[in-house]
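Close look at the chain arrangement
The residues making up each chain are set out below.
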Amino acid sequence: MDTIITIKDVSFNYVTGEQISRGVKNVNLEIERGSFVVLLGHNGSGKSTLAKLLNGFLTPTEGEIIVDGINTADESKIFDLRSRVGMVFQNPDNQMVASIIEDDLAFGPENLGVEREEIGRRINWALDIVNMSEHRHRTPTKLSGGQKQRIAIAAVLAMLPNILILDESTAMLDPKGRSEVLETAHKLNKEENMTVILITHYMDEAIDADRIVVMNDGEVILDGAPSEVYQQTDVIRRAGLELPVAARVSEKLIERGYPIKFCLTDKELAEELCQLK
Amino acid sequence: MSIEIKNLSFVYGAKSAYEKRALEDVSFTIKDGETLGIIGTTGSGKSTLIQHLNALIRVTNGSIVIDDIDLSQKRINLQLLRSKIGMLFQYPEYQLFEDTVEADVAFGPKNFGYKKEDIDYMVRQAIELVGLDYYEVKDKSPFELSGGQKRRVAIAGIIASRPSILVLDEPTAGLDPIGKREILDLVKRLKDSFVKTIIMISHNMDEIAEYCDHVIVLHEGKLIYDTTPEELFSDKEKLVGTGLSLPHTVNIARLLSEKGVEINESCLDVDSLVNAIEKAVPNE
Amino acid sequence: MSRDITLGQYYPVESFAHKLDPRVKLLLVIVYIVGVFLVDSLYAYIVVGAFLITSIIVSRIPFKSVLKSVKGIIFIVIFTAILNLLFHKEGEVLWSFWIIVITKEGVLFSIKMALRLLLLVLGTTLLTYTTTPMSLTDGMESLLSPLKLVKFPVHDVSIIMSIALRFIPILMEEVDKIMMAQKARGASFDNGNLFKRAKALLPVLIPLFVSAFRRADELALALDARCYNATPNRTRYKKLTLSWRDLVATIAFAVYIVLIVAVNNNFWGLY
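Attention in this report is confined to the structure presented alongside it. These numbers were taken from a predicted model, which means no experiment stands behind them.

All names here are of chain B. Between its terminal C-alpha atoms helix 4 (residues 116-129) stretches 20 Å, which fits the 20 Å expected from 14 residues at 1.5 Å a residue. Those residues of helix 4 lying buried are Ile119, Met122, Val123, Ala126, Ile127 and Leu129. For helix 4, the angular spread of the buried residues around the axis is 155°, confining them to a single face. Among the exposed residues of helix 4, those pointing more than 90 degrees away from its buried face are Glu117 and Tyr121. A positive backbone phi angle near 85° is found at glycine 131, which sits one or two residues after helix 4.

Moving on: the sheet that holds strand 5 (residues 70-71) of chain A. All names here are of chain A. Sheet architecture is open: 4 strands sit in the order 2-1-4-5, paired in antiparallel fashion. Each end of this open sheet is capped by a strand with a single partner; those strands are strand 2 (19-32) and strand 5. Note: strand 4 (residues 62-67) against strand 5, 2 bridges, orientation antiparallel. Bridge assignment links valine 67 to a residue of strand 5, and that residue is isoleucine 70. Contacts from helix 1 (residues 47-54) reach strand 1 (3-16), strand 2 and strand 4 within the one sheet, and its direction differs from that of strand 1 by about 115°.

Looking along a regular strand, one sees side chains alternate from face to face of the sheet. Residue and element names in this part refer to chain A. As judged from the 5 bridges shared by strand 9 (residues 211-216) and strand 10 (residues 219-224), these two strands associate in the antiparallel manner. Within strand 10, the position partnered with methionine 215 by the bridge is valine 220. In textbook terms, the turn of a hairpin is the stretch between consecutive antiparallel strands, and for strand 9 and strand 10 this stretch comprises 2 residues, one of which, aspartate 217, has a positive phi near 55°.

The subject of this paragraph is the interface of chain C and chain A. Each partner contributes to the interface: chain C provides 31 residues, whereas chain A provides 40 residues. In this assembly, chain C packs against chain A so that about 3200 Å² is buried in total across both faces, 56% of it on carbon and sulfur atoms. For the chain C face of the interface with chain A, the top three residues by lost area are C:Arg166, C:Arg226 and C:Tyr237, together amounting to 30%. Summed over the shared surface of chain C and chain A, the number is 6 salt bridges. At the surface where chain C touches chain A, the tally comes to 16 residue pairs in polar contact (both at pLDDT 80 or more). Residue assignment for the side of chain C that touches chain A shows that the elements contributing at least two residues are helix 8 (154-184) and helix 10 (202-225) of chain C.

Attention shifts here to the environment of C:Ile53. Residues and elements named next belong to chain C. Following the sequence through the fold, isoleucine 53 ends up in helix 3 (residues 42-59). Of the residues examined, isoleucine 53 reaches a relative accessible area of 43% and is grouped as partly exposed. C-alpha separation for the pair isoleucine 53 and leucine 42, spaced 11 residues apart in sequence, amounts to 17 Å.

This part is about the nonpolar core. All names here are of chain A. Ranked by internal contacts, the top residues of the largest apolar core, which has 54 residues, are Leu105, Ile153 and Tyr230. Considering every element that reaches this core, the biggest residue donor is helix 5 (residues 145-157), with 7 residues. Ignoring anything within four residues of it in the chain, the contact list for leucine 105 reads Ile123, Ala126, Leu127, Ile151, Ala154, Ala155 and Ala158.

So, about a nonpolar patch on the surface. Residues and elements named next belong to chain C. On the surface, a nonpolar cluster with roughly 1100 Å² of combined accessible area is contributed by Tyr43, Ile46, Leu247, Ile251, Val255, Leu259, Phe267, Trp268, Leu270 and Tyr271. Elements with a minimum of two residues in the nonpolar patch: helix 3 and helix 11 (244-264). Here the nonpolar patch gets 4 residues from one element, more than from any other, and that element is helix 11. Turning to its location among the elements, tyrosine 43 is positioned in helix 3.

A few words now on the side chain of A:Arg136. Along the chain, A:Arg136 turns up in the loop between helix 4 (116-129) and helix 5. Overall, A:Arg136 belongs to the buried group, its relative accessible area being 14%. Of the polar contacts made by the side chain of A:Arg136, one reaches the side chain of A:Glu102; its length is 2.8 Å. A polar contact of 2.4 Å, which involves the side chain of A:Arg136, links it to the side chain of A:Asn124. Setting aside its immediate chain neighbours within four residues, A:Arg136 contacts A:Ile100, A:Ile101, A:Glu102, A:Gly120, A:Ile123, A:Asn124, A:Leu127 and C:Tyr237.

Definitions and limits used
Residues numbered from 1 in each chain as written. Chains lettered and ligands numbered in written order. Predicted model: local features only at pLDDT ≥ 70, side-chain atom pairs only at ≥ 80, totals over all residues. Heavy atoms only, no water. Helix = DSSP H or I, 4+ residues; strand = E, 2+ residues; numbered from the N terminus. Expected span 1.5 Å × (residues − 1). Buried < 20%, exposed > 50% of the residue type's maximum accessible area, 1.4 Å probe, protein only. Arc of directions from axis to C-beta. Pairing = 2+ DSSP bridges. Contact = heavy atoms within 4.5 Å. Axes fitted to C-alpha atoms, helices over the stretch in contact; angles between N-to-C directions. Buried area = accessible area lost by both parts, 1.4 Å probe. Salt bridge = Lys/Arg side-chain N within 4 Å of Asp/Glu carboxyl O. Polar contact = N/O pair within 3.5 Å; in protein donor to acceptor, adjacent residues only side chain to side chain. Core = buried A, V, L, I, M, F, W, Y, C linked by side-chain atoms within 4.5 Å. Patch = residues over 30% accessible without salt bridge, like charges linked within 9 Å, V, L, I, M, F, W, Y side chains within 5 Å. Areas by Shrake-Rupley, 256 points an atom, 1.4 Å probe, with all protein chains shown as cover.

What follows is the structure in structure tokens.
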């Protein structure tokens, strides 16, 4: 396995005054280059803390994290680290610095001292991937939430990262915007071999992932392929998450003795049931 | 209180370079005691429509009559109207501003001119109704609370004035599943005990299917359906081209029907779908 | 979303004036203003007026839209004109009543001052109509860049300006939303005396500040995530380049100044 992220015995505590609250504890993970990993958990489960540890916003209280060969605690390499780990946040409005889209995309590479012609090439490429080329010279104000979030993705892509972290980037979007962002993330994963870490509390966004990591109370409580993880329905409910409708229906049918396998999508469930007929 | 909307149209920035038609000839009636779901994609005119209901946008074309208040009249009693129609906007926690939860919840009743003794009681009742411990939170700053708690304080601030109609614009937006469930349960509880009529905007078809008994669909400013969820979701063709999807339970039933497993009942929640499947595909 | 906020009222058409380099435009507006202040004969105002009208035509912005910008200040113009009229007491008396004395010079002076104010506003408006706030910022950054030599953080200032421009419309929209939410809770913003009204704004201002700080927090993270301050050798993607248009415009403005000076001094004996 070509490991791109190694998280070893990592704990992190938030310290505010005298109070110490646990962000994450004893996390051990190895993430494979080019994989699509979904990090699930309810608010306060520690998933966003983990994301912030990955690009050096926070450094572990205990343990160490190696991302693409860089120890996140090494301050001399912090910008190198951040240019390799592109991070997109929740509110699309709060991460754009310029009023013209191409200027916003240029911001990252400008900070890194990239040559003008190269910045131009990167902007072309990034806008093309997120399918927003025709908006290059426009302002973001009139765009939909999904479009704005795709611009935010393009803006980190312009730094040519190897890893893309979407930190609850779908939470504020309508269903259309959510699927736009998800599609873009999957496309990057498939076509550019980008390692994607998607952080969310919507379980249905995790169905197509290579791997799901469920967090609760700062700890990793489930880790595996979607079909394995979803079957742990009790653990998932205890973690404050909601199973997709197809999973809930198939769970009830299995309880009632139906010889079907546990399904995640509407289509899968319909196909299973048809075979019984 | 019933609401009658007739031929309502609205244009933003009329006669300017940025003119935008938001509502076009919308007519429908909301009966007393209903739970109405308003669905439509972003930009379909949902927000414009509900802002008309308590005169945050004044009627310029068409008419709205709420009981005996005619909103197309020039002079209306805004305070009376707004106390009767409670409106919860998206991310309502961003409207909190007072030093304490108690003072914030009291803001509405105070503005509507209730007496001090009444206000104290109303505030306490509202805070308890939304499931918070009155003595624990009343002196806290609203900014210290968690996201879900803030939202419940905001809801308390609306229902404290005892509206007959409660309008909710995506009340669960941005919450995690636990927070979502809590708010939806709260809405249901309010409907059963406190508020007569509920109007809810939601992007989530599963929520609409489960909670509403009347639903309207807006598409590009026009009202394209005014019906019940059973009716609306019975035919997948109805929502084609609107950018809206079917509730998952209905979608599963539809996929089964396509494959020759006929499911005739309306399946608006998980349990009714499971029962329908048991009938259609008996388990030997 | 009830109103459309176009900061600096940029008017999106393609024209000669729109295509000028923002640095050149900024400098030329300064030249124009100097010109307006140089004027001391009414005839020279004709030169300025003619020049302004030509500029408006060249910028392809409807006169109606340009005149709109005057609406906001017309009260100030009239007010100062009346004051000037009343306080200018020397010269040939045209009319007097009680303590009010109106002189011929006073009339001329207040007309001149009113014209000056109007021409200043119209001229600078034309700049904001033909230049996006973004390119104005770029232009200013570029013009201020010599200050880097004295360690003035030109680049940081331009980022701050650019972020301000980006967030003003967002915060304006937020004000709308909060006001609506508070109105729905029975707040009213247009009743009572000044003190009452100011107090009524608290329920809007507090949430607005809270939100602005929250946004600033998130924005700071986003800036860091995009390697802000990674290297002192920051590059610039947008490069401002001069074209023949800028040369033509500069010549036109030179002619403008010469004409004003000439007319002021009655060089051709026109009056």
